[in-house]
Amino acid sequence: MAITGVLRPGHAQIRVLDLDEGVHHYRDVLGLVETGRDAQGRVYLKAWDERDHHSVILRQADEAGIDFFGFKVLDAATLDQLEADLNAYGVATHRIPANDLMETGERVRFEIPSGHQIELYWQKKDVGNCQAYVNPEPWTKESETGIGPIRLDHCLLYGPDIEKVQDIFVNVLGFYLVEHVVMEDGKTDLAIWLSCSMKAHDIAFVRHPEPGKLHHTSFLLDSWEKVLRAADIMSMNKVSIDIGPTRHGITRGTTIYAFDPSGNRFETFSGGYQSYPDWKPIKWTWEEVGTGIFYHDRKLNERFLSVVS
Ligand SMILES: [Fe+2]
């Protein structure tokens, strides 16, 4: 098997100020499928084409933001090995028992220098993608419900010490750097895009003084037309759009940034290129950061760097 180690982003637990409002947004407007509710009152959802039980967990809280972001790894031996590697590197971990999250096995939780809680796990119940495993149809009504993304694709997190974060992701967890933006000094990274796959990014970070902040969770659509359809659905539902539809220079994806009712930014995007771990990272200079982030406007909007949850 060529794909080993960390397989992909698996889940994000997002804090919402009002659960009903949050469920309406993520289920009815974004179009995720609700798959369960637990004794703590958390609501579990998945994109239609995902097969594991959930990828988004909503928790009602007094403050918006992200509780943790989890990656699925290949198997139990991989989980044990990566935990040992993290500990040997100096990252403290702790185990969260199976079924703390519905239909999910034991998780290894750790804090990274940017102040975010990251998790690894290898077991989550396969509930299928709304299709049969034998002779499936190419279309399902869930794919047309709301915006109807294919999967939770990645997240962008804001916090300090992103060079230390990069070292852990690259040298312990097996990710590679795909693109980065350097600051005015020409050396220090403002932002990094990291991949554990052939995707242009599975997780990204922007340097920010306040630890543990969420810039956006991102949901994949299968075409630019679907991004435009997403904009129509957002407007119909009075969703607050941050920017777009537009295109990123970095990763080349077509995109919309918008906010859920609690102020958590989310992205619906399509496209971008496929990457390989042996490719040399692409560098963006400080002068061209606007073009990198928003290719058509060629400048950052003030919100990109300042509004996080
Ligand atoms: Fe993104």
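Residues numbered from 1 in each chain as written. Predicted model: local features only at pLDDT ≥ 70, side-chain atom pairs only at ≥ 80, totals over all residues. Heavy atoms only, no water.

**A short note on helix H1 (residues 19-29)**
Two residues of an α-helix separated by three or four positions point the same way, owing to the 3.6 residues in each turn.
Right, on to step 1. If you check which residues of H1 are buried, you get Leu 19, Gly 22, Val 23, His 25, Tyr 26 and Val 29.
Right, on to step 2. At the N-terminal end of H1, a side-chain oxygen is found 3.1 Å from the backbone nitrogen of Asp 20, two or three residues along, and the residue is Asp 18. (Buried < 20%, exposed > 50% of the residue type's maximum accessible area, 1.4 Å probe, protein only. Helix = DSSP H or I, 4+ residues; strand = E, 2+ residues; numbered from the N terminus. Polar contact = N/O pair within 3.5 Å; in protein donor to acceptor, adjacent residues only side chain to side chain.)

**What about the pattern of salt bridges?**
Right, on to step 1. Under the definition given, this model contains 24 salt bridges.
Right, on to step 2. Two residues, Glu 34 and Arg 27, come together in a salt bridge whose shortest N-O distance is 2.9 Å.
Right, on to step 3. Among the residues examined, Glu 34 registers a relative accessible area of 28% and is labelled partly exposed.
Right, on to step 4. Judged by its relative accessible area of 28%, Arg 27 falls in the partly exposed class.
Right, on to step 5. What emerges from the salt-bridge pattern is a single network uniting Arg 27, Asp 28, Glu 34 and Arg 37. (Salt bridge = Lys/Arg side-chain N within 4 Å of Asp/Glu carboxyl O.)

**Things to note about the packing of aromatic side chains**
Right, on to step 1. Under the definition given, this model contains 11 aromatic pairs.
Right, on to step 2. Arranged with centres 5.7 Å apart and planes meeting at 85°, the rings of Phe 294 and Phe 304 form a pair that is edge-to-face. Of this pair, Phe 294 sits in the loop between helix H5 (289-293) and helix H6 (302-306) while Phe 304 sits in helix H6, and the two are 10 residues apart along the sequence. Residue Phe 294 shares its accessibility class with Phe 304, and that shared class is buried.
Right, on to step 3. Sitting over the face of the ring of Phe 68, Arg 107 holds its NZ or CZ atom 5.2 Å from the ring centroid.
Right, on to step 4. Over the ring of Tyr 257 we find Arg 265; its NZ or CZ atom is 6.0 Å from the centre of that ring. (Phe/Tyr/Trp six-rings, centres within 6.5 Å; stacked < 30°, edge-to-face > 60°. Lys NZ or Arg CZ within 6 Å of the ring centre and 35° of its normal.)

**What to know about the pairing of strand S14 (residues 240-247)**
Right, on to step 1. Summarising the sheet, S14 and strand S15 (residues 253-259) pair through 5 bridges and their orientation is antiparallel. Looking at the pairing, Arg 247 lines up with Thr 254 of S15.
Right, on to step 2. Following S14, the chain reverses through 5 residues before pairing antiparallel with S15; Thr 251 in that reversal takes a positive phi of roughly 70°. (Pairing = 2+ DSSP bridges.)

**Examining the coordination of the iron ion**
Expected angles at a metal are 109.5 degrees for tetrahedral coordination by four donors and either 90 or 180 degrees for octahedral coordination by six donors.
Right, on to step 1. Taken together, the protein ligands of the iron ion are His 154 (NE2), His 216 (NE2) and Glu 267 (OE), with distances of 2.1 to 2.2 Å.
Right, on to step 2. Here the donor residues for the iron ion map to a single chain with the spacing H-x61-H-x50-E. With His 154 in strand S9 (residues 151-159) and Glu 267 in strand S16 (residues 265-271), this pair connects stretches of sequence that are 113 residues apart. Of the two residues examined, His 154 and Glu 267, each falls in the buried class. (Donors = N, O, S within 2.8 Å, 3.2 Å for Na, K, Ca; no water.)

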